[in-house]
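Chain by chain, the residues:
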Amino acid sequence: AAARMAQTLGEQVGETVGLVVRMERKVTARTRILVVTEGVFTRMISDDPMLEGVGAILFDEFHERSLDADLGLALALDAQAGLREDLRLLAMSATLDGARVGKLMNDAPVVESQGRAFPVETLYLGRDPNERMEAAVERAILRALDREKGSILVFLPGQGEIERVARALSEKTRDPSILVAPLYGALDRREQDRAVLPSKAGERKIVLATSVAETSLTIEGVRVVIDSGLARVPVFEPDIGLTRLETVRASRASVDQRRGRAGRTEPGVCYRLWEEAATGALPAFSAPEILSADLAGLVLDLAAWGVRGRTALAFLDPPPSPAWNEAVKLLQALGALDEDGAITEEGKAIRNLPLPPRLARMVLDAGRYGAGATAAELAVLVSERGLGGNAVDLADRLDRFRRERSHRADAARNMARGWARQAAALAEPRDLSCGALLALAYPERVAQSRGRNGEFLMANGRAASVEPHDRLAATDYVAVAEATGRAAQARILAAAAIDIAEIEMLFADRIERRNDVSFDRARAALQARETRRLGAITLSARNLPIEPDEIAARKLSEGVAALGVDRLAWTPRLKQLRARMAFLRRAEGDEWPDVSDAALADGATQWLAPFVAGARSLAEIGDEKLSAALDALLPWDMRRRLDAEAPTHFPTPAGSQIAIDYESGDEPA
């Protein structure tokens, strides 16, 4: 955007039109228009609420509803109301919900400009839901190459899909005049320019892009758009503190924006990989990031602004309570907020680093161990996609990053050095592994191998895995920085190995020592173990002697019940006793105890546990203990009635005692 504006003035970026993004700054004394990312702006206004020297703020593409855009507008409205009545604010977008945003901005006028757009023909190709999306996209591209002229812009949900389609096209399009150019945020600037700049004479370009290409830029020569109809969005799960990436249907606003890319410079055509009737079922707008994001950074920024409540500022959609509460809880655990929600001195130090709070905490803590430089480099790799490659093992990425030679890598290393200086070492340098440093940021994601093909259990109790062939699959412990997928089974995207000695050193105050008695089903016996645990993972365990107490008796009775009470040593006399009691319950009602297998299993801790003290296994519950337990179910008066109403024998006139069978049928015989 800055380059386009500068071009219209016949200038270079850094003159009238300046630029500030995370790893680049082009500003001079001549600069009157400053183009910044939404994240840069929120930091600017937080650090200088008066915005000295700024007359107007334009929030472009506001319909995208990024977390930083919502926060930036809320802070700007607050500053305008209390400090800068002269400050002009403008929210812009081709697909803006103008009335709603205008109301938020104190009933600001809504100005509409039709602009210039060429007609775009829309073709609906549909897609078999059982077919891989990449295959349908590839087929649509080949069709467009054959039937249409001009370059092609293809919208795909993410980097993985882009790379797979690019590989497939390289095998099927051998024409040297056709250039396949990926376009996504993690690419180096030169690679992005390769996708965006005009094609050479006689060259056709196929740009494979994420939703980053929906807005703000015109790719010269594009007159064909192929839209998969999908987008990838981050979804935060407050209960486990993990953000997963989810592929969703794009909104109507997004697909309209995508379609419009085909008509920027001449009439075009848009191929949509869904049925026309499905367009009406698409959500009107993309879900605001504030409703599904990790809010820790936002809460910390608001605390620095002096705000503690989630509804204190004017948000189009207020932050949801679960994510807000989880963010407050995390920031308090990091020492960034006090118990009243006010920012602490430590919180100010965390916020001074332009990083998510967890990563800032890691860099600061690593500085205290003398390892701030390495931690700052890791923070770059976690927050800036694509640097150092895409290996799951962050130690491998770090090694590659240190050797990488590109403008983006150089800028990232300079940025990391600046962060490291802010976390100046306060101790002699210690040789901490990448995994140990990551564990400072994500202690609940220290994970232990389950010994099964790269499967791990994290300290927060959730499962996660790497591919069996990945180097980390053979590691006993890892610290997980990034994962995706459902909470029940996440796929690890970024992690590093950590050893048990580092876990012991870093988390000595969190490791819990417990003595547990449990029932081993295979041995049908109790076992007592001393365990040392970090959350859900067991760091060590050793067997202990079993104490003959109430806990052991209860655990044994529960274990036996789970195995089945039929496994107990029921002698013929005890079987007959149960059968007599069951007969009287059928005949006379519920005043007689229920001695069925199911009822005895359900109540094992009440009727059996008091009589098995000292026993350590099923085999040690002999008929004496069992008889005493069963007899105790009947008080003395009911025992007399049992003998009278359900006697064990029938006396014949001849004086014989004939045993009565209560077990073979519903009636005694």
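Here's what I pulled together on the structure shown here. (Residues numbered from 1 in each chain as written. Predicted model: local features only at pLDDT ≥ 70, side-chain atom pairs only at ≥ 80, totals over all residues. Heavy atoms only, no water.)

Quick look at the pairing of strand S15 (residues 455–458)
Next up, step 1: Note that strand S14 (residues 446–449) and S15 share 3 bridges and pair antiparallel. When the sheet's bridge partners are listed, glutamine 448 is paired in S15 with leucine 457.
Next up, step 2: Of the pairings in the sheet, the one linking S15 to strand S16 (residues 463–465) comprises 3 bridges and is antiparallel in character. Opposite glutamate 455, over in S16, you have serine 465 as the bridge partner.
Next up, step 3: The antiparallel hairpin formed by S15 and S16 contains 4 residues in its connecting segment, where glycine 461 sits at a positive phi of about 90°. (Pairing = 2+ DSSP bridges. Helix = DSSP H or I, 4+ residues; strand = E, 2+ residues; numbered from the N terminus.)

Some thoughts on the environment of glutamine 192
Next up, step 1: Position of glutamine 192 among the secondary structure elements: in helix H7 (residues 189–196).
Next up, step 2: The sequence separation of glutamine 192 and isoleucine 503 amounts to 311 residues, and the corresponding C-alpha distance is 41 Å.

Some points on the pattern of salt bridges
Next up, step 1: Taken as a whole, this structure holds 48 salt bridges when the rule is applied.
Next up, step 2: Of the charged contacts, one joins arginine 385 and glutamate 482 as a salt bridge, the two residues approaching to 2.6 Å between their closest N and O atoms. Note that arginine 385 is positioned in the loop between helix H13 (372–383) and helix H14 (394–403) and glutamate 482 in strand S17 (residues 477–484), a separation of 97 residues in sequence.
Next up, step 3: Because the salt bridges share partners, they merge into one network encompassing Arg132, Glu134, Glu161, Arg164 and Arg232. (Salt bridge = Lys/Arg side-chain N within 4 Å of Asp/Glu carboxyl O.)

Details of the sheet that holds strand S9 (residues 204–209)
Next up, step 1: In space, the 6 strands of this open sheet follow the order S6-S13-S10-S7-S9-S8, with parallel pairing throughout. Strands at the two margins of the open sheet, each flanked by one partner only, are strand S6 (120–124) and strand S8 (178–183). Each strand of the sheet is rotated relative to its neighbour by a mean of 20°, with strand direction disregarded.
Next up, step 2: In the sheet, S8 pairs with S9 via 6 bridges, with the strands oriented parallel. Of the residues in S9, the one forming a bridge with leucine 179 is lysine 205.
Next up, step 3: The strands that helix H6 (residues 159–172) touches are S8 and S9; relative to S9, the one it contacts most, it runs at about 150°. (Axes fitted to C-alpha atoms, helices over the stretch in contact; angles between N-to-C directions. Contact = heavy atoms within 4.5 Å.)

Some points on the nonpolar core
Next up, step 1: Residues Leu298, Val299, Leu302, Met362 and Leu437 are the most contacted members of the largest nonpolar core, which totals 98 residues.
Next up, step 2: A total of 9 residues in this core trace back to one element, the largest contributor, which is helix H3 (residues 67–82).
Next up, step 3: By size, the runner-up hydrophobic cluster in this structure holds 39 residues, among which are Leu556, Ala561, Ala579 and Leu608. (Core = buried A, V, L, I, M, F, W, Y, C linked by side-chain atoms within 4.5 Å. Buried < 20%, exposed > 50% of the residue type's maximum accessible area, 1.4 Å probe, protein only.)

A closer look at the pairing of S9
Next up, step 1: Among the 6 residues in S9, 5 count as buried, and that is most of the element.
Next up, step 2: Summarising the sheet, strand S7 (residues 151–155) and S9 pair through 4 bridges and their orientation is parallel. Counterpart to valine 154 in the pairing with S9 is leucine 208.
Next up, step 3: In the classification by handedness, the crossover that spans S8, the intervening H7 and the parallel S9 is right-handed. (Right-handed = clockwise from strand over helix to strand, strands pointing away.)

What about the environment of threonine 95?
Next up, step 1: Relative to the helices and strands, threonine 95 resides in the loop between strand S5 (88–91) and helix H4 (98–104).
Next up, step 2: Expressed as a C-alpha distance, the spacing of threonine 95 and arginine 513, which sit 418 residues apart in the sequence, is 57 Å.
Next up, step 3: Non-local contacts of threonine 95, meaning those with residues more than four positions away in its chain, are made with His63, Ala253, Asp256, Gln257 and Phe285.

What about the side chain of aspartate 227?
Next up, step 1: With respect to the element layout, aspartate 227 can be found in strand S10 (residues 222–227).
Next up, step 2: Among the residues examined, aspartate 227 registers a relative accessible area of 0% and is labelled buried.
Next up, step 3: With sequence-adjacent residues up to four places away left out, aspartate 227 is seen in contact with Phe155, Val255, Arg258, Tyr271, Arg272, Leu273 and Trp274.

Here we look at the packing of H13 against helix H15 (residues 407–422)
Next up, step 1: At a minimum axis distance of 8 Å, the contact between H13 and H15 shows a crossing angle of 130°. The orientation of H13 relative to H15 falls into the category oblique. When the axes of H13 and H15 are compared, the crossing they make is right-handed. Packed against H13, whose contacting residues are Gly372, Ala373, Ala376, Glu377, Ala379, Val380 and Ser383, the element H15 presents Ala412, Met415, Ala416, Trp419 and Ala420 at the interface.
Next up, step 2: Taken together, the residues that form the contact of H13 with H15 break down as 9 nonpolar, 2 polar and 1 charged. (Parallel < 35°, antiparallel > 145°, perpendicular 65-115°, else oblique. Left-handed = near helix turned anticlockwise from the far one by under 90°. Nonpolar A, V, L, I, M, F, W, Y, C, P; charged D, E, K, R; others polar.)

Some thoughts on unusual backbone geometry
Next up, step 1: With phi around 55°, asparagine 106 is a residue other than glycine that occupies positive phi space.
Next up, step 2: Secondary-structure assignment places asparagine 106 in the loop between H4 and S6.
Next up, step 3: Residue asparagine 106 is classed as exposed on the basis of its relative accessible area of 59%.

So, the environment of alanine 528
Next up, step 1: The residue alanine 528 is located in strand S20 (residues 525–534) in this model.
Next up, step 2: For alanine 528, a relative accessible area of 7% translates into the label buried.
Next up, step 3: In sequence terms alanine 528 and alanine 541 are 13 residues apart; their C-alpha atoms lie 10.0 Å from each other.

Considering the packing of aromatic side chains
Each aromatic ring pair is characterised by the separation of its centres together with the angle its planes make.
Next up, step 1: Within this structure, the stated rule accounts for 4 aromatic pairs.
Next up, step 2: Both rings, one in phenylalanine 41 and one in phenylalanine 59, keep their centres 5.6 Å apart while their planes meet at 85°; by these two values the pair is edge-to-face. Here phenylalanine 41, found in helix H2 (residues 38–47), pairs with phenylalanine 59, found in strand S4 (residues 56–59); they are 18 residues apart in sequence, far enough to count as distant.
Next up, step 3: By the ring-pair criterion, three or more aromatic residues cluster together here, those being Phe41, Phe59 and Phe62.
Next up, step 4: The cationic tip of arginine 413 hangs over the ring face of phenylalanine 401; the distance from NZ or CZ to the ring centre is 5.4 Å.
Next up, step 5: Sitting over the face of the ring of tryptophan 570, arginine 578 holds its NZ or CZ atom 4.5 Å from the ring centroid. (Phe/Tyr/Trp six-rings, centres within 6.5 Å; stacked < 30°, edge-to-face > 60°. Lys NZ or Arg CZ within 6 Å of the ring centre and 35° of its normal.)

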